[in-house]
Amino acid sequence: MTTKQTQPEVAVLDFGSQYTQLIARRLREVGVFSEIYPFNRYKELLDRDEIRGVVLSGGPSSVYEDGAPDIGDELFAEGKPLLGICYGMQLMCRKLGGAIEASTNREYGPATIDRAGKSRLFTETPGQQGVWMSHGDRVAALPDGFTPLASSGSIPFAAAGDETRGYYCVQFHPEVVHTEHGMQILRNFSRDICAIESEWSTTVFIDSTVAEIRERVGTRKVLCGVSGGVDSTVAATLIDQAVGEQLHTVFVDNGLLRLGEASEVERNLNAFLHRPVLRVDARNLFLNGLRGVTDPEKKRKIIGNTFIDVFKSATTDLGPFEFLAQGTLYPDRIESVSVNGPSHVIKSHHNVGGLPEELGFELIEPLGELFKDEVRRVGRSLGIPDSLLMRHPFPGPGLGVRILGDVTADRVRLLQQADHIFIQELLDSGQYDKIWQAGAVLLPIQTVGVMGDKRTYEAVVALRAVTSQDGMTADWARIPNEVLARVSNRIINEVPGINRVAYDISSKPPSTIEWE
Ligand code: XMP
């Protein structure tokens, strides 16, 4: 569901760049609401007053290739400010009468640009600045009305614009951190050129989302799966505000949760949501479904399908339900669904890619346009306590994707105990809040150890802890050695069946947060 915003917005048209989501992310960081639209849906942007400007993203194609992503001329007839980035620059210039050519060699990495003249796009940025380039083509001749705004050693038009029409374009990527003044450039475009003064606010988001859910749902019923995590709790609370008793919440104990988590979650949700949560014990169903399955994507699909089956059968007496609500976030959607082909599917996150096609419900995803930190802000405005909001993210398929190889009841128990020790030590040492996400992973191998003069041949656990802003990129957490030492000692001493602990020191990319 796209949340209807009554607040001003800068739309981002996606031409397939790996950086597209960063553009929206940075715009929101400067306090401007922003959403991404695949380029071939550009018509949805037309005649929408709240869209005050449009960014045309980069992309891997060449504008002169057959079948290169293109848009009609209507967008240019609207008179809204436009900012073309990389491919977006080339497309804009070509459509407005300029010329594009292949660069003699592909330019990738840091570059320095020199500004030319005065421009609103570069307000409060120095005459010379470092930027990040990644392009194979370049603009050879500007369209009528455009003037050069910056050049680099290798290209004459590193930035250009038509100040009268509010059209700007840059060959470099202002959205990546390596562009020193990229945030200021995006701020200048959205705040000054698109004239958006108001801050993107959680209050406006809550009001408009609640109103939209109410209108869409009418007198019908909504089923919401809750996990006790931040996202589903915030989603359920919004829907609760919108439709009250028409909402039924279900918590499925899939047997793949953390140690003791099922009861804790049930207690918290009952206390917080002001209405009883239906807890369904489906542990055996999930474990049976997963028996013998080792492929991560198959596991996700099985878990996703079992969730839906359980929802359906557990709630027939409460229904009929026309809507299924989920706490899906923006990054889940970006990573799960390829926008028209160019970006690759990395993992199908169960609450998106793994859903059966014949779902039988209409989906409500009120957080589908938000990043995690924004969900936490919304949650705070809704009065949800920090103890719940600051919980680390936990994947929908739970320990199912942290047990590499066979998922059996015994292996679940083993991992639960190791994971519990890890999290407890992070909390006790004050590290938990510094970390985006942490957990233990059970490896599908055994190693030799020695305990009390006896040879052991037992399982290995890897500890994973990362720092991140939104889960899209992440770095391994620099947990103090003494904390790691304590965790390792405790796991090996207290969990029979584990004789080795490893710490994962990979960042994302090129690795991912979860091992599967
Ligand atoms: P990766 O492993 O892709 O994870 O770097 C990014 C974030 O997504 C979470 N994750 C999932 N969440 N269903 C979910 O609901 C899934 O299948 C899934 N896989 C990964 C992961 O925990 C991290 O926060």
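In this text, all values refer to a predicted model and were calculated from it rather than measured experimentally.

All right, on to the domain arrangement of the protein then. Segmentation of the protein into domains returns domain 1 (9–193), domain 2 (202–389) and domain 3 (408–503). A separation of 36 Å is found between the C-alpha centroids of domain 1 and domain 2.

Let us look at the sheet that holds strand β13 (residues 323–325). The five strands are arranged β12-β11-β10-β13-β14 in an open sheet whose pairing can be described as parallel. One side of each edge strand has no neighbouring strand; the edge strands of this open sheet are β12 (278–281) and β14 (362–364). On average, adjacent strands in this sheet sit at an angle of 30° to one another, irrespective of strand direction. Bridging between strand β11 (residues 247–253) and β12 involves four bridges; their strand directions are parallel. Residue phenylalanine 251 lies in a different strand from β12, and its bridge partner there is arginine 279. Those strands touched by helix α6 (residues 230–243) are β10 (222–225), β11, β13 and β14, and its axis lies near 160° from that of β11. Contacting β11 and β12, helix α7 (residues 261–273) runs over the sheet at an angle of about 170° to β11.

What follows concerns the pattern of salt bridges. For side chains of opposite charge, pairing can occur when their charged atoms come near one another. Applying the stated criterion across every chain yields a total of 34 salt bridges. A salt bridge links arginine 380 to aspartate 386, with the shortest nitrogen-to-oxygen separation between them at 3.0 Å. For arginine 380, a relative accessible area of 42% gives the class partly exposed. Each of Asp253, Glu266, Arg279, Asp281 and Arg283 takes part in one network of salt bridges that share partners.

Counting 46 residues, the largest nonpolar core has Leu463, Ile479 and Ile491 as its most contacted members. Contributing elements (two or more residues each) for this core: β11, α8 (283–290), α9 (296–314), α13 (409–428), β15 (437–451), β16 (454–467), α14 (481–494) and β18 (498–503). Sort the elements by how many residues they give to this core and α13 lands first, with eight residues. Taken domain by domain, the makeup of this core includes at least three residues from each of domain 2 (202–389) and domain 3 (408–503).

Our focus in this paragraph is the environment of alanine 438. On the secondary structure map, alanine 438 appears in strand β15. The class for alanine 438 is buried, based on a relative accessible area of 1%. It is 6.5 Å that separates the C-alpha atoms of alanine 438 and valine 466, two residues lying 28 residues apart in sequence. Filtering out sequence-adjacent residues up to four positions away, alanine 438 remains in contact with Arg258, His392, Arg402, Phe422, Ile423, Leu426, Arg464 and Ala465.

Conventions we followed
- Residues numbered from 1 in each chain as written.
- Predicted model: local features only at pLDDT ≥ 70, side-chain atom pairs only at ≥ 80, totals over all residues.
- Heavy atoms only, no water.
- Domains from an automatic or database assignment.
- Pairing = 2+ DSSP bridges.
- Helix = DSSP H or I, 4+ residues; strand = E, 2+ residues; numbered from the N terminus.
- Axes fitted to C-alpha atoms, helices over the stretch in contact; angles between N-to-C directions.
- Contact = heavy atoms within 4.5 Å.
- Salt bridge = Lys/Arg side-chain N within 4 Å of Asp/Glu carboxyl O.
- Buried < 20%, exposed > 50% of the residue type's maximum accessible area, 1.4 Å probe, protein only.
- Core = buried A, V, L, I, M, F, W, Y, C linked by side-chain atoms within 4.5 Å.

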